[in-house]
Amino acid sequence: MSQQSTDPDVASFFSAWEIYRAVIDSDAMEHQEVFAKVHRILEERTEPFTLLDLGCGDAAGIGPALVGTQIATYVGVDCAAPALEFAEATLSGTVAEFDLRLGDLMDTIEDPSELFDVVLVSFALHHFSDDDKKRFLTAARARLRPGGELILIDVVRQPGESRDEYLARYSSYVRSWPLDTDTVERIIAHVDGFDYPADVSAEPQWAAERGFRVEEFYRGGNETQCAWRLTAIDN
Ligand SMILES: C[S@@+](CC[C@H](N)C(=O)[O-])C[C@H]1O[C@@H](n2cnc3c(N)ncnc32)[C@H](O)[C@@H]1O
């Protein structure tokens, strides 16, 4: 799968936002744990910083994680308009300055007109092919200010696991989530159609090859999820 711009079927799934909202509300994808760790990373910044959140959804994880940090400006980009309406509600009163944009995350990261201190991509990069994930990492490195970092959170395959093996394992995991049967089946159909997680051992290697220092800060979800802090090595 090669994706130059937003897949309309992906946008359509996330436009029915109540499905993903049920996932977040039940904490099935461990947003609480992951974003508590993201908060601790962002807390280390002692100067005001800008953050670009690609595939921001409703910002339910990152919104609370920004409280008490030196966030100056938050920019969220998503291809699903309804998600951005929820994001506006999440961020109002939390972040003084925010800008929500309807758009494609690859187009955004490849637009060289703005630089950021932090780029976040959370549970969104797996919709892209491995070649496009590498393309994304190259572009993200170029969008960071000196001292900048990319926080990458995503679903992953185990080393050597095929996509079909992953899909079988992930489906049975989703069936253990505390959600109604219809919601579970819609999630599984979406994952089967559109998810292309990277091999967990390959993604940090691609980042290292593109000028990032790599620190894994979370692994969970029955070994289906991983998160890395990718710090730009200044030239
Ligand atoms: C699984 S949700 C993750 C939302 C949020 N980042 C989180 O961690 O909960 C994936 C989000 O990425 C968005 N998305 C998927 N492909 C995209 C693309 N090519 N450009 C922009 N947004 C995209 C979807 O609309 C959805 O809101």
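Please read all numbers here as calculations on a predicted model, not as lab measurements.

Undergrad: Before we go on, may I ask you to explain the overall build of the protein chain in this structure?
TA: On a plain count of helices and strands, the protein chain comes out with 10 helices and 8 strands. Seen along its three principal axes, the alpha-carbon backbone of the protein chain occupies a region of about 45 × 40 × 30 Å. By residue count, 56% of the 235 residues in the protein chain fall in the buried class. A fraction of 72% describes how many contacts in the protein chain between residues 6 or more apart in sequence connect residues 24 or more apart.

Undergrad: Looking at this structure, I do not really get the pattern of salt bridges. What am I missing?
TA: Any two side chains of opposite charge can pair, given that their charged atoms come close. For the coordinates displayed, the defined rule picks out 19 salt bridges. Across the pair Lys134 and Asp131 runs a salt bridge whose closest N-O atoms are separated by 4.0 Å. Of this pair, Lys134 and Asp131 both sit in helix H7 (residues 130-143), 3 residues apart, roughly one helical turn. Since its relative accessible area comes to 25%, Lys134 is described here as partly exposed. Given the relative accessible area of 56%, Asp131 is considered exposed.

Undergrad: What am I meant to see in the packing of aromatic side chains here?
TA: Inspection of the entire model under this criterion finds 5 aromatic pairs. Taking 5.3 Å as the distance between ring centres and 65° as the angle between the ring planes, the aromatic pair formed by Trp17 and Tyr20 counts as edge-to-face. In this pair, Trp17 and Tyr20 both sit in helix H2 (residues 17-26), 3 residues apart, roughly one turn of the helix. Like Tyr20, Trp17 is buried. Consider the rings of Tyr173 and Trp177, whose centres lie 5.6 Å apart with planes at 85°: the pair is edge-to-face. A single burial state applies to Tyr173 and to Trp177, both of which are buried. Its end group placed over the ring of Tyr196, Arg163 keeps NZ or CZ at 4.1 Å from the ring centre.

Undergrad: Would you mind showing me how to read the site of the ligand here?
TA: Around the ligand there are 20 residues in total, and His31, Gly55, Asp78, Asp104 and Ser122 lie nearest to it. A distance of 2.7 Å separates a nitrogen atom of the ligand from a polar atom in the backbone of Gly55. In this structure, an oxygen atom belonging to the ligand sits 2.6 Å away from a side-chain N or O atom of Ser122. Of all elements in the fold, only helix H1 (8-15) and H2 reach the threshold of two or more residues within the shell around the ligand. Residues belonging to the shell around the ligand are distributed by class as follows: 11 nonpolar, 7 polar and 2 charged.

Undergrad: What's the story with helix H3 (residues 31-43) in this structure? I'm lost.
TA: Since the α-helix turns once every 3.6 residues, residues separated by three or four places project in the same direction. Across its 13 residues, H3 extends 18 Å between first and last C-alpha, which sits within 8% of the 18 Å expected from 1.5 Å per residue. Within H3, the full set of buried residues consists of His31, Val34, Phe35, Val38, His39, Ile41 and Leu42. Seen end-on, H3 carries its buried residues on one side only, within an arc spanning 160°.

Undergrad: What is the right way to read the pairing of strand S7 (residues 212-220) from this model?
TA: Each regular strand carries side chains that alternate between the two faces of the sheet. Across 8 bridges, S7 lies against strand S8 (residues 225-232) in antiparallel orientation. Residue pairing in the sheet places Phe212 in a bridge with Ala232 of S8. Joining the antiparallel neighbours S7 and S8 is a turn of 4 residues, in which Gly221 adopts a positive phi near 55°.

Undergrad: What am I meant to see in the side chain of Thr224 here?
TA: Position of Thr224 relative to the elements: it lies in the loop between S7 and S8. Dropping the residues within four chain positions of it, Thr224 is found in contact with Asp154, Val155, Val156, Arg169, Tyr170 and Tyr173.

Procedures and definitions
Residues numbered from 1 in each chain as written. Predicted model: local features only at pLDDT ≥ 70, side-chain atom pairs only at ≥ 80, totals over all residues. Heavy atoms only, no water. Helix = DSSP H or I, 4+ residues; strand = E, 2+ residues; numbered from the N terminus. Buried < 20%, exposed > 50% of the residue type's maximum accessible area, 1.4 Å probe, protein only. Contact = heavy atoms within 4.5 Å. Salt bridge = Lys/Arg side-chain N within 4 Å of Asp/Glu carboxyl O. Phe/Tyr/Trp six-rings, centres within 6.5 Å; stacked < 30°, edge-to-face > 60°. Lys NZ or Arg CZ within 6 Å of the ring centre and 35° of its normal. Near = heavy atom within 4 Å. Polar contact = N/O pair within 3.5 Å; in protein donor to acceptor, adjacent residues only side chain to side chain. Nonpolar A, V, L, I, M, F, W, Y, C, P; charged D, E, K, R; others polar. Expected span 1.5 Å × (residues − 1). Arc of directions from axis to C-beta. Pairing = 2+ DSSP bridges.

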